[in-house]
Amino acid sequence: MNASPTPPRLSAADYELLADFRYALRKFAAFSESAAAALDLMPQQHQALLAIKGTRKNAPGRRGLYVGEIADRLLIRPHTAAELVGRLARLDLVQREADPEDGRRVEVVLTTKGERTLEDLSAAHLEELHAMRPLLTRLLARMGADTGPA
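What this report covers is the structure whose coordinates are included nearby. (Residues numbered from 1 in each chain as written. Predicted model: local features only at pLDDT ≥ 70, side-chain atom pairs only at ≥ 80, totals over all residues. Heavy atoms only, no water.)

### Let's talk about the overall build of the protein chain
Put simply, the test is: Here a helix means four or more residues in a row that DSSP labels H or I, a strand means two or more in a row labelled E, and each is numbered from the N terminus. Based on C-alpha atoms, the radius of gyration is set beside the globule rule, defined as 2.2 Å times the residue count to the power 0.38. With a 1.4 Å probe rolled over the protein chains alone, any residue whose accessible area is under 20% of its type maximum counts as buried; one over 50% counts as exposed, and the rest are partly exposed. Reported accessibility uses the Shrake-Rupley method at a 1.4 Å probe radius. Residues are deemed covered only where the shown protein chains occlude them. In this tally, Asp and Glu contribute negative charge and Lys and Arg positive charge; neither His nor the terminal groups of the chain are included. Every charge is mapped onto a representative atom, which is NZ of Lys, CZ of Arg, CG of Asp or CD of Glu.
Secondary structure assignment for the protein chain yields 5 helices and 3 strands. For the protein chain, the succession of helices and strands along the chain, N to C, is α-α-β-α-α-β-β-α. A globule of 150 residues ought to have a C-alpha radius of gyration of about 15 Å, yet the protein chain, at 20 Å, is considerably larger. For the protein chain, with 150 residues in total, the buried portion stands at 29%. Entry remark: accessible area of the protein chain is about 10300 Å², with carbon and sulfur atoms responsible for 55%. Taken together, the 21 basic and 20 acidic charged side chains of the protein chain have centroids lying 2 Å from each other.

Here's what the structure looks like:
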């Protein structure tokens, strides 16, 4: 095994940028968790709904995602995604539909209730992102200002 090259020395500004960026991400995550909880959802359930609605593969006619795709988007194992889909189905937020092109596959799609829930959450999240935009813009500009390692 080859020895890794010596990492570059970081400046105080690099640490400050990383700390500020991490803080901004955590603030958004805390907002997101709170917004989901207000609708009796766990954060991972919200993430799954958003992945189903917001991720499209290039196949025409797709309305949702397969369980494996949900696992990929949420960075979880397929069996965990299957359990998550089961919980969402029991809450009437998603339903399983046979893939019309491959009957062995099941596509997970949002129900009407899932669509309404996700729309409410997404509107609040976009509002929060708009409020955070000046901070995020400043942080990204600092990153591009050659404050340290690329």
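### Notes on helix H4 (residues 78–90)
Side chains three or four residues apart in an α-helix point the same way, a direct result of the helix having 3.6 residues per turn. Applied cut-off: Expected span of a helix, by definition, is 1.5 Å for each gap between consecutive residues, and there is one gap fewer than residues. Any two residues whose heavy atoms approach within 4.5 Å at even a single point are treated as in contact.
With 13 residues, H4 extends 18 Å between its outermost C-alpha atoms, agreeing within 8% with the 18 Å of an ideal straight helix rising 1.5 Å per residue. Check the buried side of H4 and you find it contacts helix H2 (43–54), helix H3 (67–74), strand E2 (94–98) and strand E3 (106–110). Directly beyond the C-terminal end of H4, a positive phi value near 60° is found at Asp92.

### A closer look at the environment of Phe28
The residue Phe28 is located in helix H1 (residues 12–38) in this model. In the structure, Phe28 is positioned 13 residues away from Leu41 in sequence and 17 Å away in space, judged by C-alpha atoms.

### Re the packing of H2 against H3
What counts is decided by this rule: The convention used is that axes are lines fitted to C-alpha atoms, helices contributing only their stretch in contact, and that angles between N-to-C directions extend from 0 to 180 degrees. Handedness of a crossing follows from how the near helix is turned relative to the far one, being left-handed for an anticlockwise turn of less than a right angle and right-handed for a clockwise one. The residue classification treats Ala, Val, Leu, Ile, Met, Phe, Trp, Tyr, Cys and Pro as nonpolar and Asp, Glu, Lys and Arg as charged. All others, Gly included, are polar.
Close contact between H2 and H3 brings their axes to 10 Å; oriented N to C, the two are set at 115°. Considering how the two elements wind past one another, H2 and H3 form a crossing that is right-handed. Facing Gln44, Gln47, Ala48, Ala51 and Ile52 of H2, the residues of H3 in contact are Ile70, Arg73 and Leu74. Residues that form the contact of H2 with H3 fall into these classes: 5 nonpolar, 2 polar and 1 charged.

### Notes on the packing of H3 against H4
Definition in use: Throughout, the term roughly parallel applies to angles under 35 degrees, roughly antiparallel to angles over 145, roughly perpendicular to angles from 65 to 115, and oblique to all others.
Orientation of H3 relative to H4, taken along the N-to-C sense of each, is 105°, at an axis distance of 8 Å. Our classification of the angle between H3 and H4 gives roughly perpendicular. Each of Val67, Ile70, Ala71 and Leu74 in H3 lies in contact with H4, whose residues at this interface are Pro78, Ala81, Ala82, Leu84 and Val85. Its residues assigned to classes, the contact of H3 with H4 comprises 9 nonpolar, no polar and no charged.

### Examining the packing of aromatic side chains
To keep things clear, this is the line we draw: For Phe, Tyr and Trp, rings pair up if their centres lie within 6.5 Å, where Trp contributes its six-membered ring, and each pair is then called stacked (planes under 30 degrees apart), edge-to-face (over 60) or tilted (otherwise). Any Lys NZ or Arg CZ that is within 6 Å of a ring centre and within 35 degrees of that ring's normal is treated as a charge sitting over the ring.
A complete count under the given rule lists 1 aromatic pair for this structure. When the ring of Phe28 is compared with that of Phe31, the centres are 6.2 Å apart and the planes differ by 35°; the resulting orientation is tilted. One end of the pair is Phe28 and the other is Phe31, both in helix H1 and 3 residues apart, which spans about a single turn. The lysine or arginine in question, Arg105, covers the ring of Tyr66, its NZ or CZ lying 3.6 Å from the ring centre.

### Here's the deal with the pairing of E3
Note the threshold: Note on pairing: DSSP must find at least two bridges between two strands before they are called paired.
Most of E3 is tucked away, with 4 of its 5 residues classed as buried. One ladder, built from 2 bridges, connects strand E1 (residues 65–66) with E3; its direction is antiparallel. Within the sheet, the bridge partner assigned to Leu65 lies in E3 and is Val108. Here 5 bridges tie E2 to E3, and the two strands are oriented antiparallel to one another. Bridging across to E3, Arg96 finds its partner in Val108.

The values are spatial; any link to function lies outside them.
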